[in-house]
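The chain contents come next:
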Amino acid sequence: VYARAGSPLRLEVTPSEGEISRRPELSGIRITEEGGVVEKAGSRPTEPDQLLSKLQKTGGTNVKLTGTCQMDEDIFVPMSEFNNMRREAVDRLKDAVSGVYRRRNGDFN
């Protein structure tokens, strides 16, 4: 998670190192979601722990997200926007992983 005042909120997800060691064909997958411009907090700033906690909420999927936050102090991140970005990133990650294993047209080997 990258959250800098005056810059777009950014979330990057990749398969875990453990998953890549088991399935090296996943090593090139990187999903980036970008949101609105991060603003200074008015009264209650967003804490890194809040974002990391929300990051882990992936519902009934088999995806587990963990990570780090690189963020300025005293900023506000709308949780609804962050949740939407996380959901979209999880969907795109699942599509990318399954796409690695889809049979290509004419590929019958």
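Residues numbered from 1 in each chain as written. Predicted model: local features only at pLDDT ≥ 70, side-chain atom pairs only at ≥ 80, totals over all residues. Heavy atoms only, no water.

### Quick notes on the confidence of the model for the chain
What counts, and what does not: Summary of the metric used: pLDDT quantifies the predictor's per-residue confidence within the range 0 to 100. Secondary structure elements follow DSSP: runs of H or I no shorter than four residues count as helices, runs of E no shorter than two count as strands, and numbering proceeds from the N terminus.
The predicted model of the chain has a mean per-residue pLDDT of 88, with 94% of residues at 70 or higher. When pLDDT is averaged over each element of the chain, strand β6 (residues 75–76) comes out on top at 96 and helix α1 (residues 17–22) at the bottom at 86.

### A closer look at the pattern of salt bridges
For clarity, the threshold we go by: Salt bridge, as applied in this entry: a Lys or Arg side-chain nitrogen positioned within 4 Å of an Asp or Glu carboxyl oxygen. For each residue, the accessible area found with a 1.4 Å probe, counting protein chains only, is set against the maximum for its type, and the residue is called buried under 20%, exposed over 50%, and partly exposed in between.
In total, this model carries six salt bridges according to the counting rule given. In this structure, Arg4 and Asp72 form a salt bridge, with 3.2 Å as the shortest nitrogen-oxygen distance. With Arg4 in the loop between β1 (2–3) and β2 (8–13) and Asp72 in the loop between β5 (70–71) and β6, this residue pair connects regions lying 68 residues apart in the sequence. For Asp72, a relative accessible area of 25% puts it in the partly exposed group. Across the salt bridge formed by Glu33 and Arg92, the nearest N and O atoms sit 2.6 Å from each other. Taken as a pair, Glu33 in strand β3 (residues 31–37) and Arg92 in helix α3 (residues 79–101) lie far apart in primary sequence, 59 residues in all. Relative accessible area serves as the criterion here: at 11%, Glu33 is assigned to the buried category.

### Examining the packing of helix α2 (residues 48–55) against α3
Worth spelling out the cut-off: Convention adopted: a line fitted to C-alpha atoms gives each axis, helices being fitted over their contacting stretch, and angles between N-to-C directions are expressed from 0 to 180 degrees. Angles are sorted into four bins: roughly parallel if under 35 degrees, roughly antiparallel if over 145, roughly perpendicular if 65 to 115, and oblique for all others. What makes a crossing left-handed is the near helix being turned counterclockwise from the far one by less than a right angle; a clockwise turn instead makes it right-handed. Here, two residues are considered to be in contact whenever any of their heavy atoms come within 4.5 Å of each other. Polar here means any residue other than Ala, Val, Leu, Ile, Met, Phe, Trp, Tyr, Cys and Pro, which are nonpolar, and Asp, Glu, Lys and Arg, which are charged; Gly is therefore polar.
Two elements in contact, α2 and α3, have axes whose closest approach is 10 Å; the angle formed by their N-to-C orientations is 40°. Overall, the two elements α2 and α3 adopt an arrangement that is oblique. Here the hand of the crossing between α2 and α3 comes out right-handed. Here α2 contributes Gln50, Leu51, Lys54 and Leu55 to the contact with α3, which in turn contributes Met79, Phe82, Asn83 and Arg86. Here the contact of α2 with α3 is composed, by residue class, of four nonpolar, two polar and two charged.

### Brief notes about the environment of Thr61
Within the element layout of this structure, Thr61 appears in the loop between α2 and β5. Taking relative accessible area as the criterion, Thr61 reaches 26% and is therefore assigned partly exposed. In this structure, the C-alpha to C-alpha distance between Thr61 and Phe76, residues 15 residues apart in sequence, is 28 Å. When neighbours within four sequence positions are excluded, Thr61 is seen to be in contact with Val90 and Lys94.

### Some details on the environment of Glu81
The residue Glu81 is located in helix α3 in this model. Here Glu81 falls in the partly exposed class, since its relative accessible area comes to 25%. Distance in space between the C-alpha atoms of Glu81 and Val1 is 13 Å, their sequence separation being 80 residues. Once residues within four sequence positions are removed from consideration, Glu81 is found in contact with Gly35 and Gly36.

### Digging into unusual backbone geometry
At Asp74, a position not held by glycine, the phi torsion is positive, near 60°. Along the chain, the position of Asp74 falls in the loop between β5 and β6. Classification of Asp74 by relative accessible area gives partly exposed; the value is 40%.

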